[in-house]
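# What the coordinates show
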Amino acid sequence: MTCWETFNAYAFRSIGIGENLLPKSDFTLCQQFTLIGSGLIWNVYFGALALLFGFFLATGIALAKSARSPWLRKPAEWFVFIFRGSPLFIQFFLAYEALQMLPKAGINILGLTVETSWTTRAWAGALFVLFLNTSAYAAEIFHGALRSIPKGDLEAAEAYGITGWKKFTRIQWPTMLRLAWPSYTNEAIFLFHATTLVFFSGFPAFRQMGDALYYANYFADKTFNPFVPYPIVAFYFICLTLLLTWGFNAVNRRLNRHLPSNQTSRIRLRPNLIR
């Protein structure tokens, strides 16, 4: 089997497209690159969705932590404290055991039976844990950025008659993002790296079609040589990190485009003809 045929057969195996059976012997470098890259689709799925939904939840929790009412502030503080204070690996196992306790026949809500078996699958249960975890970390970053907004900006907005929701959308939220974005970039990178922990958690893979570490472990067990598949995983995640860094830097330049330090000045040649 040529490398192109291997790619066609295994490139999307992790999502159920292509060959059902894994190669059993004569493992080639192309097979390892292709199958581990196929598993990376799940890592991107976990990281992208958790980051997307976690961004909005983190914004709400950050606002709740800044609220004057203890009914809003205290639950937000405890949420952040619990998910930042406990290891992510333990959160995976506790969530899996808790979801296993749900009734197998489903939950009856308003006369409708809601299935619960899907919650213990990696694509749903592990995603939920990553979503809550990144929301807690990002909320703390956004909360610190909210507290770092210069009071002069808020006073100037109120002097112009900008108050309430308009002040938040035009002044506080953009400034919060501008201040928090470098730290939030690191959180996004750490989140994608943390998706490799799904393989070690109790959540089973979808039809034995797991993430990148699932296939790397398969090749390491079959060949008794971990120094090929695991560096391939590291290579893919380094490429993913570079892509994330490029994308977040582009957003950061967009957020700070109005600052003088980000405006490139033209270099003009002015020869000194007369001294």
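As a starting point, this report considers the structure included with it. The model shown is predicted, which means the values in this text are computed figures rather than measured ones.

## Overview of the environment of Thr-175
- Relative to the helices and strands, Thr-175 resides in helix α7 (residues 164–194).
- Here the alpha-carbon distance between Thr-175 and Ile-149, two residues 26 residues apart in the chain, equals 6.7 Å.
- A polar contact of 2.6 Å, which involves the side chain of Thr-175, links it to the backbone oxygen of Ile-171.

## Focus on the state of the cysteines
- Taken as a whole and judged by the stated rule, the model has one disulfide.
- A disulfide bridge connects Cys-3 with Cys-30, and the sulfur atoms are separated by 2.1 Å. Residues Cys-3 and Cys-30 share a disulfide whose torsion about the S-S bond is about 85°; that sign makes it right-handed. With Cys-3 in helix α1 (residues 3–10) and Cys-30 in helix α2 (residues 29–65), this pair connects stretches of sequence that are 27 residues apart.
- Since its relative accessible area comes to 16%, Cys-30 is described here as buried.
- Free of any disulfide, Cys-239 has its nearest neighbouring cysteine sulfur in Cys-3, separated by 16 Å.

## Thoughts on the packing of aromatic side chains
- Under the counting rule described, the total for this entry stands at 29 aromatic pairs.
- The structure contains a cluster of three or more aromatic residues connected by ring pairs, namely Phe-55, Phe-56, Phe-142, Trp-173, Trp-181, Tyr-184 and Phe-248.

## Re the side chain of Ser-135
- Along the chain, the position of Ser-135 falls in helix α5 (residues 122–147).
- Relative accessible area serves as the criterion here: at 0%, Ser-135 is assigned to the buried category.
- Looking at Ser-135, its side chain comes within polar contact range of the main-chain oxygen of Phe-131, at 2.6 Å.
- Contacts of Ser-135, omitting those with residues within four sequence positions, involve Gly-54, Leu-57, Ala-58 and Phe-79.

## Observations regarding the nonpolar core
- Among the nonpolar cores identified, the biggest contains 71 residues, and Ile-36, Phe-46, Phe-92, Leu-130, Phe-142, Tyr-184 and Phe-203 are the most heavily contacted of them.
- A per-element tally of this core places α5 first, with 14 residues.

## Description of unusual backbone geometry
- The backbone phi angle of Asp-26 is positive, close to 55°, even though this residue is not glycine.
- Here Asp-26 is to be found in the loop between α1 and α2.
- We classify Asp-26 as exposed; its relative accessible area is 67%.
- Of note, the phi angle at Phe-224 is positive, near 55°, even though the residue is not glycine.
- Of note, Phe-224 is situated in the loop between α8 (212–223) and α9 (229–255).
- Looking at Phe-224, the relative accessible area reads 74%, which means it is exposed.

Definitions and limits used
- Residues numbered from 1 in each chain as written.
- Predicted model: local features only at pLDDT ≥ 70, side-chain atom pairs only at ≥ 80, totals over all residues.
- Heavy atoms only, no water.
- Helix = DSSP H or I, 4+ residues; strand = E, 2+ residues; numbered from the N terminus.
- Polar contact = N/O pair within 3.5 Å; in protein donor to acceptor, adjacent residues only side chain to side chain.
- Disulfide = S-S within 2.5 Å.
- Buried < 20%, exposed > 50% of the residue type's maximum accessible area, 1.4 Å probe, protein only.
- Phe/Tyr/Trp six-rings, centres within 6.5 Å; stacked < 30°, edge-to-face > 60°.
- Contact = heavy atoms within 4.5 Å.
- Core = buried A, V, L, I, M, F, W, Y, C linked by side-chain atoms within 4.5 Å.

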